[in-house]
Amino acid sequence: MTTSGAAADAAPSTATVTDSGSARANTGGVANSGIILGGVKTEYHQHHAPTVPVWPVVVGQPPALASAFQPRQGLRERILNARRSGDDVVLTHQARDHDGSARVLAGGGGVGKSQLAAWFVWEAIEGRTTDLVVWANAASPDQVITAYARAAAKAGVPGADGVDPAADATALLEWLNSTERTWLFVLDNITDPALLSFWWPPQRPTGWTLATTRLQDATLVSSGRKKTDVDVYSPGESLTYLTDRLTGVGCAHLLDDQAANLAAAVGHLPLALSHAAAYMIAQEEGCAAYLARYNSGDERLPDLMPASADPDAYGRPMAVTLLLALDAADAAAPAGLARPALALAAMVDPAGHPDALWSTPAVTGYLSTQRRGGIGEPVTADEAWKAMRLLHRYGLLIHTPTDTARAVRIHALTARATRETTTDSASVAHATADALLHLWPDADHATTDLINALRANTNTLADLAGDLLWHPHGHPLLSRAGISLLRAGLHTPAVIYWKHMTEQAVRLLGDEHPNTLTARANLAVSYGQAGRTTDAITIEEKVAADSARLLGDEHPDTLGAHANLADSYRQAGRTTEAITLLTKVVADFVRLLGDEHPDTLAARANLASSYRQAGRTTDAITIEEEVTAGRARLLGDGHPDTLAARTNLAVSYRQAGRTTEAIALLTKVVADFVRLLGEEHPSTLTARTNLAVSYRRAGRTAEAIDLLTKVVADFVRLLGEEHPSTLTARANLATSYRQAGRTAEAVALLTKVTADSTRLLGDDHPNTVAVAGALRAWRGEA
């Protein structure tokens, strides 16, 4: 938000977009990959243009129904009866019957809860009986919010624009309360009901919710939800499953008189039966032979998996069938890779990871060192892929090549049993982290299925690995995931993430470790993006001082810390301090990194913004023309950073009285931002604000008012009532009202802006001074 240089504009003229400041990557761990230089630290994340829904809308990746899926008619009828009565439906223990309840499907691992839920989903999808179907992995609120945000975008929910997934998810829940569209939501694998309480869909005649959980939490049956037990197969269902599974692939000859005894031996557990059937098919072994093998394996299991690792009392038969399958897979070509391959798969999100992971150097390198049998030949990408497909063949994971972002899934219980038998957790954790990092695209400002999957897999890995990924200095993947939140403009998740990262870094690395400083710097960036400038400055002053003391005045981290601090000073109205600090930073960057390094250009862009804020418009234009040319040459005309530089240049042109040039440049910039980032991206809105101010300067007041009215509404919805960009847009709208002779409206609006600015920015902030002075003058006119 900058003050105008012309006396006619006493109110702030606009909030300009300054350079985003590319993050400086550092291979030494978490450090440096997150220090972002930039005026308002503007990031370029995707926003959805207004969507025309194509019904039915399907969001998420429900698992395919397993081979020989058993319909479990009794369970289905209980659920359908509840639905016919107008109840929501979810899956757990201790059934309760009362009207108007939700139903929760619950049970231990491997009993088929998710498969049962998937049956309802596929019925709705294939029968086209439901307008909106959402499958959300409910292991964490972030994954639920992401699924809801995608659903809001695809369904064209009013107010859902892609800026903030939490806001879009909230808009979706509000829409569900009033829409006549039919819908089905599945919340799969709830692990913490309390964290999902806010995100539970409403109970409505037009829609219902089906959830699965392994918990016996009392909160699951609160708020009118009903639990429905999902147990193991009945003996009859077990025999039917084995019959269907074996005959379906032409292996009916493997059925013999021991089929019933085999089913009983594995406890009629669906997952264990699927492991057994896959083994028999792959090995051409009948039920009697497999039962004998199973009994032998059960005798040696205590040496491999302690009983304490089996809290569900289901894991023992499942673990034996798992170990038998691994023994066979390890002996098959490519030999010796099945166990380490499954150990990798067990460390990521059970809901799926990209199959491209299996071609990464990290995976082939890990498999080469872990290959069983002493085989010394390096593992190729083709062999790694075949090892993954071998696990699919033995039923230990599921590979669906058409689902690129979530192509490889593993049952959570299979994964847990695998981790219990993994002896080198640190190596597998680091190899998996290396592989995920290898898949991460450089341009991750857009929210895509791949980015969502990578974030989810990183979160799962970080939870499972615990402190392992922090040794010795913090794996770069941890930082990469956090930086992606900043680049996507996900301010609230970014603040939460970097708070946690800072706490972890302090605990494990110490208060003054370089990676701890970087985590703090990124927390400050998160605060700055959210408009919490005071909080950002408090952290950045400490980071800058610590960096200088520990790393030296000319270390790139120290320069980055000072650049961030200077820009926060500018945002806080401390323009002189910002200019003094940035002048030194720019000179140091030029000397140490070169004239066209991204950090040099970013620091120059921020120095130019500070010059303009101080009224040194000519100096600002000189720098901005150089920055714009440099960006275009290095990144291309259509890169968001180039567009940001052009926006700043246009603002300076207008401030210098070159209004026609400003309008021409901003008109093109707005069109480019809309094409690249969408109608409601904050950078698009800021460019439109600047265009509207230029219209007003050119006497095109009606056009300015029309444009600013929409921009104000968008900023309020996207960033909130008290964000600096919202205050600026309102101040500019008030100025346009006054120019149109609508003085009473102008005074009323500027009165609110002045009060908000005083409360949020302080009496001495240049914006507060400007709007307060304008308000006094306008009241005199009125």
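Residues numbered from 1 in each chain as written. Predicted model: local features only at pLDDT ≥ 70, side-chain atom pairs only at ≥ 80, totals over all residues. Heavy atoms only, no water.

Moving on, we come to the overall build of the protein. A count of helical and extended segments in the protein gives 31 helices and eight strands. A total of 782 residues make up the protein; the buried ones form 58% of that total. Summarising the internal contacts of the protein: among those between residues at least 6 apart in sequence, 69% fall at separations of at least 24. Carbon and sulfur atoms make up 54% of the accessible area of the protein, which totals about 28400 Å². (Helix = DSSP H or I, 4+ residues; strand = E, 2+ residues; numbered from the N terminus. Buried < 20%, exposed > 50% of the residue type's maximum accessible area, 1.4 Å probe, protein only. Contact = heavy atoms within 4.5 Å. Areas by Shrake-Rupley, 256 points an atom, 1.4 Å probe, with all protein chains shown as cover.)

Further remarks concern the side chain of S547. Structurally, S547 is set in helix α20 (residues 533-551). Accessibility expressed as a relative area gives 2% for S547, which makes it buried. When sequence neighbours within four positions are dropped, the list of residues in contact with S547 reads L517, G552, D557, T558 and A561.

Let's shift gears to the pairing of strand β5 (residues 207-213). As a general feature of sheets, a regular strand has side chains that alternate between the two faces. With seven of seven residues buried, β5 lies mostly within the body of the structure. Across the two faces of β5 the burial is the same, with G207, T209, A211 and T213 and W208, L210 and T212 all buried. Alignment of strand β4 (residues 183-190) against β5, held across six bridges, turns out to be parallel. For L187, the partnering residue across the bridge sits in β5 and is A211. (Pairing = 2+ DSSP bridges.)

Take the pairing of β4 next. Counted residue by residue, β4 has seven buried out of eight residues, so it is predominantly covered. Strand direction decides the pairing type here: strand β3 (residues 132-137) and β4, joined by six bridges, are parallel. Note on β4: the bridge partner recorded for W135 is V186.

Right, let's get into unusual backbone geometry. Note the cis peptide between W55 and P56, where omega equals -5°. Here P56 shows up in the segment before β1 (57-59). The peptide bond linking A333 to P334 adopts the cis configuration, its omega dihedral lying at 0°. One non-glycine residue, R72, lies in the positive phi region at around 50°. As for its position among the elements, R72 is in the loop between β1 and α1 (73-84).

According to the stated counting rule, one finds 10 aromatic pairs in the structure shown. These aromatic residues form a ring-pair network of at least three members: W119, F120 and W208. Its end group placed over the ring of W119, R76 keeps NZ or CZ at 3.6 Å from the ring centre. (Phe/Tyr/Trp six-rings, centres within 6.5 Å; stacked < 30°, edge-to-face > 60°. Lys NZ or Arg CZ within 6 Å of the ring centre and 35° of its normal.)

To continue, consider helix α30 (residues 743-761). In a regular helix each residue adds 1.5 Å, so 19 residues correspond to 27 Å; α30 covers 25 Å between its end C-alpha atoms and thus fits that length. Buried within α30 we find A746, V747, L749, L750, V753, T754, D756 and S757. Tucked inside the fold, the buried residues of α30 contact α29 (724-739) and α31 (766-781). Looking one or two residues beyond α30, the residue adopting positive phi is G762, at roughly 100°. (Expected span 1.5 Å × (residues − 1).)

This paragraph deals with the nonpolar core. Grouped together as the largest cluster of nonpolar side chains are 147 residues, with contacts concentrated most on W358, L367, Y394, L461 and W498. Counting residues in hydrophobic clusters, the runner-up holds 41 residues, among them L643, L708, F715 and Y737. (Core = buried A, V, L, I, M, F, W, Y, C linked by side-chain atoms within 4.5 Å.)

Mapping R393 onto the fold places it in helix α13 (residues 381-393). Accessibility expressed as a relative area gives 46% for R393, which makes it partly exposed.

Here we take up the confidence of the model for the protein. When pLDDT is averaged along the protein, the result is 85, and 86% of the positions lie at 70 or above. Looking across the protein, the model is least confident in strand β2 (residues 102-106), with a mean pLDDT of 45, and most confident in helix α15 (residues 425-439), with 97. Between residues 1-50, whose pLDDT stays under 50, and residues either more than four places distant or in other chains, the model counts 225 contacts. Contacts for the low-pLDDT stretch residues 93-107, under 50 throughout, to residues beyond four places or in other chains number 80 contacts. (pLDDT = per-residue confidence, 0-100.)

Let us now look at the pattern of salt bridges. One pass over the full model with this rule turns up 40 salt bridges. The partner of E745 in a salt bridge is R742, and the shortest N-O contact between them spans 2.8 Å. Judged by relative accessible area, which is 37%, E745 ranks as partly exposed. One salt-bridge network, in which partners are shared between bridges, spans D511, E512, R520, K542, D546 and R549. (Salt bridge = Lys/Arg side-chain N within 4 Å of Asp/Glu carboxyl O.)

This part is about the environment of L490. Tracing the chain through its elements places L490 in the loop between α17 (476-487) and α18 (491-509). Sequence separation between L490 and A166 is 324 residues, and the spatial gap between their C-alpha atoms is 8.7 Å.

Direction vectors running N to C along α29 and α30 enclose 155°, while the axes themselves pass 8 Å from each other. Considering the angle they form, α29 stands roughly antiparallel to α30. Here the hand of the crossing between α29 and α30 comes out left-handed. Of the residues in α30, those in contact with L727, R730, A731, L733, A734, Y737 and R738 of α29 are T743, E745, A746, L749, L750, K752, V753, D756, S757 and L760. For the contact of α29 with α30, the per-class residue count stands at 10 nonpolar, two polar and five charged. (Axes fitted to C-alpha atoms, helices over the stretch in contact; angles between N-to-C directions. Parallel < 35°, antiparallel > 145°, perpendicular 65-115°, else oblique. Left-handed = near helix turned anticlockwise from the far one by under 90°. Nonpolar A, V, L, I, M, F, W, Y, C, P; charged D, E, K, R; others polar.)

Between its first and last C-alpha atoms α29 spans 23 Å; for 16 residues at 1.5 Å apiece the expected length is 22 Å, and the two agree. With respect to burial, α29 is a largely interior element, 14 of its 16 residues being buried. Immediately beyond the C-terminal end of α29, within one or two residues, lies G741, with a positive phi of roughly 85°.

Attention now moves to the side chain of T212. By the element assignment, T212 lies in strand β5. At 2.7 Å, the side chain of T212 forms a polar contact with the backbone nitrogen of N189. (Polar contact = N/O pair within 3.5 Å; in protein donor to acceptor, adjacent residues only side chain to side chain.)

Here we take up the environment of I410. Structurally, I410 can be placed in the loop between β8 (408-409) and α14 (412-420). Residues I410 and G352, spaced 58 residues apart in sequence, show a C-alpha to C-alpha distance of 7.1 Å. In contact with I410, not counting residues within four places along its chain, are L342, A345, A346, P350, L396, L397 and A415.

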